[in-house]
Amino acid sequence: MDARDGDGSTEEYETLIQTTDVELLKRAWRQEKAAPEILKFETDLIARLTGQIELVEENVEQDAQSGIDPLTVSLYQMDLDRTQFLLRSYLRIRLQKIEKYIFHILATAELYNRLSKQEKAFAKTCLVDLEKHLEESVLSKLPNNYQSIFKQSMISEENDMVAKPQLDTFVVCKTNYYLGHIQLEDNEDGPSDDRANQRPLEEPFEMEPDVLYFVRYKAIKRFVEEGRIDLY
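Keep in mind that this is a model prediction, so the values were computed, not measured.

1. Remarks on the overall build of the protein
Of the regular secondary structure elements, the protein holds 8 helices and 7 strands. Within the protein, the fraction of its 232 residues that count as buried is 36%. Intrachain contacts of the protein at a sequence separation of at least 6 include 68% that bridge at least 24 residues. By element, 52% of the accessible surface of the protein is carried by carbon and sulfur atoms, the whole surface being about 14,500 Å².

Here it is as structure tokens:
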């Protein structure tokens, strides 16, 4: 049954793409774009939006063929295009992070579990292709001690060739709640994420609602994951 049949048809049609879900998608897009690491995939939200988009596409096509006011149809199409742009951009940002940090993500259970089913399949396929390319084009031509994808040489103790997200990156953020006892750290000219060169600041950091802050991501990482802090 067409959602626009009967009284109140306009209001029903306008809620096919729910404002709430679109706003949630905008927030997820901002969070993913600003965070240095990959965040948890919004499975339920993306599933709902995908279904809503398919339904609205069908209704817009029917309107265009049935002689509905072209201006009305174009307005619905514009809203649909905006939502599709956000969705594609959200997914593209995540794929770019997977490609950039593929070895680290696949080796870290916490990060790997944040991926969707399709992203996990993409990561595994990408890994196979990348390993094959590096082996054929570079590694096979190097001495045996330097043929590792993960280490500069076989005597290295750590995987020093694996790219990792820089959690020391500064981000712009805001919260809708009062958050206290956030422990910041001072990096004493040491390398990024080197905890041996970091010391806690004397006073815990506090965040007031609706105030923009510029802080290191790792200090607020837990609150971002809990949905209590928005990134910008």
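2. Let's talk about the sheet that holds strand E6 (residues 213-216)
In space, the 3 strands of this open sheet follow the order E6-E1-E7, with antiparallel pairing throughout. Each of the sheet's edge strands pairs with one partner strand only, and the pair in question is E6 and strand E7 (229-231). Between one strand axis and the next, the sheet turns through 50 degrees on average, direction left out of account. Sheet analysis places strand E1 (residues 170-175) next to E6, joined by 4 bridges and oriented antiparallel. Pairing of Val172 across the sheet is with Phe214, part of E6.

3. Points about the environment of Leu231
Structurally, Leu231 is set in strand E7. Classification of Leu231 by relative accessible area gives buried; the value is 0%. When the C-alpha atoms of Leu231 and Lys174 are compared, they prove to be 6.6 Å apart, with 57 residues separating the residues in sequence. Residues contacting Leu231, with those up to four places away along its chain left out, are Arg30, Gln31, Ala34, Ala35, Val171, Val172, Cys173, Tyr217, Ile220 and Val224.

4. Some details on the pairing of E1
What you see with E1 is a clean split: Val171, Cys173 and Thr175 sit on the buried side and Phe170, Val172 and Lys174 on the side with no burial. Across 3 bridges, the pairing between E1 and E7 is antiparallel. The residue of E7 that forms the bridge with Thr175 is Ile229.

5. Examining the confidence of the model for the protein
Taken over all residues, the pLDDT of the protein has a mean of 85, while the share at 70 or more is 84%. Ranking the elements of the protein by mean pLDDT puts helix H1 (residues 9-14) last with 48 and helix H6 (residues 109-112) first with 97. Scored below 50 in pLDDT, residues 188-192 makes 7 contacts in the model with residues more than four places away or belonging to other chains.

6. Some points on a negative patch on the surface
Together, Glu54, Glu57, Glu58 and Glu61 make up a region of like negative charge exposed at the surface. Within the secondary structure, Glu54 sits in helix H3 (residues 43-66).

7. Describing a nonpolar patch on the surface
A cluster of nonpolar side chains, Leu71, Leu75 and Met78, forms an exposed patch at the surface whose accessible area comes to about 300 Å². Among the secondary structure elements, Met78 is positioned in helix H4 (residues 70-100). On the basis of relative accessibility, which here comes to 41%, the residue Met78 falls in the partly exposed class.

8. A word on unusual backbone geometry
Note: most peptide bonds trans; most residues except glycine with negative phi. Of note, His181 is a non-glycine position whose phi angle comes to about 60 degrees, a positive value. Position of His181 relative to the elements: it lies in strand E2 (residues 179-182). Since its relative accessible area comes to 70%, His181 is described here as exposed. In this model, Asp210 sits at a positive phi of 60 degrees, which is unusual for a non-glycine residue.

9. Observations regarding the packing of H3 against H4
Contact geometry of H3 with H4 gives a least axis separation of 10 Å together with a crossing angle of 150 degrees. Relative to H4, the element H3 is oriented roughly antiparallel. In the packing of H3 onto H4, the handedness of the crossing is left-handed. From H3, Ile46, Leu49, Thr50, Ile53, Val56, Glu57, Val60, Asp63 and Ala64 reach across to H4, where they touch Val73, Tyr76, Gln77, Leu80, Thr83, Gln84, Leu87 and Tyr90. In the contact of H3 with H4, the residues fall into 11 nonpolar, 4 polar and 2 charged.

Conventions adopted
- Residues numbered from 1 in each chain as written.
- Predicted model: local features only at pLDDT ≥ 70, side-chain atom pairs only at ≥ 80, totals over all residues.
- Heavy atoms only, no water.
- Helix = DSSP H or I, 4+ residues; strand = E, 2+ residues; numbered from the N terminus.
- Buried < 20%, exposed > 50% of the residue type's maximum accessible area, 1.4 Å probe, protein only.
- Contact = heavy atoms within 4.5 Å.
- Areas by Shrake-Rupley, 256 points an atom, 1.4 Å probe, with all protein chains shown as cover.
- Pairing = 2+ DSSP bridges.
- Axes fitted to C-alpha atoms, helices over the stretch in contact; angles between N-to-C directions.
- pLDDT = per-residue confidence, 0-100.
- Patch = residues over 30% accessible without salt bridge, like charges linked within 9 Å, V, L, I, M, F, W, Y side chains within 5 Å.
- Salt bridge = Lys/Arg side-chain N within 4 Å of Asp/Glu carboxyl O.
- Lys, Arg positive; Asp, Glu negative; His and termini not counted.
- Charge placed at Lys NZ, Arg CZ, Asp CG, Glu CD.
- Parallel < 35°, antiparallel > 145°, perpendicular 65-115°, else oblique.
- Left-handed = near helix turned anticlockwise from the far one by under 90°.
- Nonpolar A, V, L, I, M, F, W, Y, C, P; charged D, E, K, R; others polar.

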